[in-house]
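# Descriptive analysis of the structure
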Amino acid sequence: MRMSSVIRRAVCPGSFDPVTNGHLDIIGRAANLYDELVVAVLINKSKSSLFTVDERIAMLTDVTAEYGNVRVDSFHGLLVDYCRANQIPVVVKGLRAVSDFDYELQMAQMNRGLAGVDTLFMPTNPEYSFLASSLVKEIATYGGDVTSLLPDAVHKQLLSRLAERAQHERAQHVDSSTTSAERSEQP
Ligand code: PNS
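We now turn to the structure provided with this report. The residue count restarts for each chain, going from 1 along the sequence in the order it is written. Only residues with pLDDT of at least 70 get local features here, since the model is predicted, and only at 80 or more are side-chain atom pairs given and counted; chain-wide, interface and lining totals rely on the full set of residues. Side-chain figures throughout are based on the complete set of non-hydrogen atoms in the structure, without hydrogens or water.

## Details of the pattern of salt bridges
To keep it simple, the criterion reads: Here, a salt bridge means any Lys or Arg side-chain nitrogen found within 4 Å of an Asp or Glu carboxyl oxygen. Going along the chain from the N terminus, every DSSP run of H or I of four or more residues is numbered as a helix, and every run of E of two or more is numbered as a strand. Under the scheme applied here, a residue whose accessible area is under 20% of the maximum for its type counts as buried, over 50% as exposed, and between as partly exposed, the area being computed with a 1.4 Å probe on protein chains only.
Evaluated as defined, the whole model comprises 12 salt bridges. R8 serves as the salt-bridge partner of D35, at 3.6 Å between the closest nitrogen and oxygen. Of this pair, D35 sits in the loop between helix 1 (21–33) and strand 2 (36–42) while R8 is found in the segment before strand 1 (9–14), placing the two residues 27 residues apart along the sequence. By relative accessible area, D35 is classed as partly exposed at 28%. What makes R8 partly exposed here is its relative accessible area of 36%. Each of the salt bridges in this network shares a partner with another, and the network as a whole consists of R9, E36 and R71.

In structure tokens:
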């Protein structure tokens, strides 16, 4: 039993566009190590995303509801500023493969140098070592089966968003081909 009254808090930051089973694996394991785990969604206006920040927060809140000590939030700007403002001394990052390590090490050292914020690297479950939101989106866009890679509710939302997007693209295509046909009819 822990006698200290200090709350051990950590943050798990990311884009989560959308949250995958790989993210959930890290979030669940990190939640077991800390009193409070904040899952923080980066607000990045320069990066185009499939889901809005609010949608990503809603999905994360839903799929982490079983962990009583996980809270979902968003942040913009530097992660260390968010950590400082929220008294969070530790960042938790999942490492899928050696290829993740170079960049993650650089960020971890920079964050430690900037604000004394430490990083805990957690090896992902090998079942998810190939998993990335970007790959999931690409595979699902072309009809591949990603059922086992995402929580059910997220999978449903992904398929419905991709269907909406495809319909929108078809409508735009019809629109632009009608316009060019009309143009070519002009005397
Ligand atoms: O899921 P992602 O997109 O790989 O997450 C990357 C993230 C959000 C963890 C990283 O880009 C980040 O911490 N961005 C915040 C901006 C920042 O602090 N940059 C300096 C890092 S040393």
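## A few points about the pairing of strand 1
How we decide: Pairing between two strands is assigned when DSSP locates at least 2 bridges connecting them.
Counting buried residues along strand 1, 5 of its 6 residues qualify, which places the element largely inside the surrounding structure. Bridge count between strand 1 and strand 2: 6 bridges; the pairing is parallel. For R9, the partnering residue across the bridge sits in strand 2 and is E36. Pairing of strand 1 with strand 4 (residues 90–95) involves 2 bridges; the strand directions are parallel. For V11, the partnering residue across the bridge sits in strand 4 and is V91.

## So, the site of the ligand
Convention followed: Definition of nearness: a residue and a molecule or strand are near each other if at least one heavy atom of the residue lies within 4 Å of the molecule or strand. Polar contacts here mean pairs of N or O atoms no more than 3.5 Å apart (in protein, one a potential hydrogen donor and the other a potential acceptor; neighbouring residues in sequence count only if both atoms are side-chain atoms). Only the protein chains shown count as covering a residue, and every accessible area follows the Shrake-Rupley method with a 1.4 Å probe.
Taken together, 13 residues surround the ligand, and among them G14, S15, G77, L78 and L79 come closest. Between the ligand and the protein, one listed contact pairs an oxygen atom with a side-chain N or O atom of S15 at 2.6 Å. Between the ligand and L79 there is a distance of 2.8 Å, counted from an oxygen atom to a backbone nitrogen or oxygen. Bound to the protein, the ligand loses 70% of the 560 Å² it would expose on its own. Counting residues per element, the ones that place at least two in the shell around the ligand are strand 1 and helix 4 (98–115). Here the shell around the ligand takes 3 residues from helix 4, the largest share from any one element.

## A short note on unusual backbone geometry
The omega torsion of the bond from D17 to P18 falls at 0°, within 30 degrees of zero and hence cis. Of note, Q87 is a non-glycine position whose phi angle comes to about 50°, a positive value. Within the element layout of this structure, Q87 appears in the loop between helix 3 (79–85) and strand 4.

## Brief notes about helix 2 (residues 53–63)
To keep things clear, this is the line we draw: Here the arc refers to the directions that run from the helix axis out to each C-beta atom.
Residues of helix 2 that are buried include every one of V53, R56, I57, M59, L60 and V63, and no others. When helix 2 is viewed along its axis, its buried side chains cluster within an angular range of 165° and face the same direction.

## Structural notes on the environment of A153
On the secondary structure map, A153 appears in helix 6 (residues 152–185). Along the sequence, A153 and K47 sit 106 residues apart, while their C-alpha atoms lie 24 Å from each other.

## What about the sheet that holds strand 1?
What counts, and what does not: For every element, the axis is a line fit to its C-alpha atoms; helices are fit only across the contacting stretch, and the angle between N-to-C directions ranges from 0 to 180 degrees. When checking whether two residues touch, look at their non-hydrogen atoms; a contact exists if any pair is within 4.5 Å.
Read across the open sheet, the 5 strands follow the order 3-2-1-4-5; overall the sheet is parallel. Whereas interior strands pair on both sides, the edge strands pair on one side only; in this sheet they are strand 3 (70–75) and strand 5 (118–123). Pairwise comparison of adjacent strand axes, ignoring direction, gives a mean angle of 30° for this sheet. One ladder, built from 6 bridges, connects strand 2 with strand 3; its direction is parallel. The partner of L37 across the bridge, within strand 3, is V70. The sheet contacts of helix 2 involve strand 2 and strand 3, and relative to strand 2 the element is tilted by about 155°.

## A word on a nonpolar patch on the surface
What counts is decided by this rule: Two joining distances apply to patches: 9 Å for like charges and 5 Å for nonpolar side chains (Val, Leu, Ile, Met, Phe, Trp, Tyr), and every residue must have over 30% relative accessible area and no salt bridge.
There is a patch of nonpolar side chains on the surface, built from L78, M110 and L114 and spanning about 310 Å² of accessible area. Inspection of the secondary structure assignment puts M110 in helix 4.

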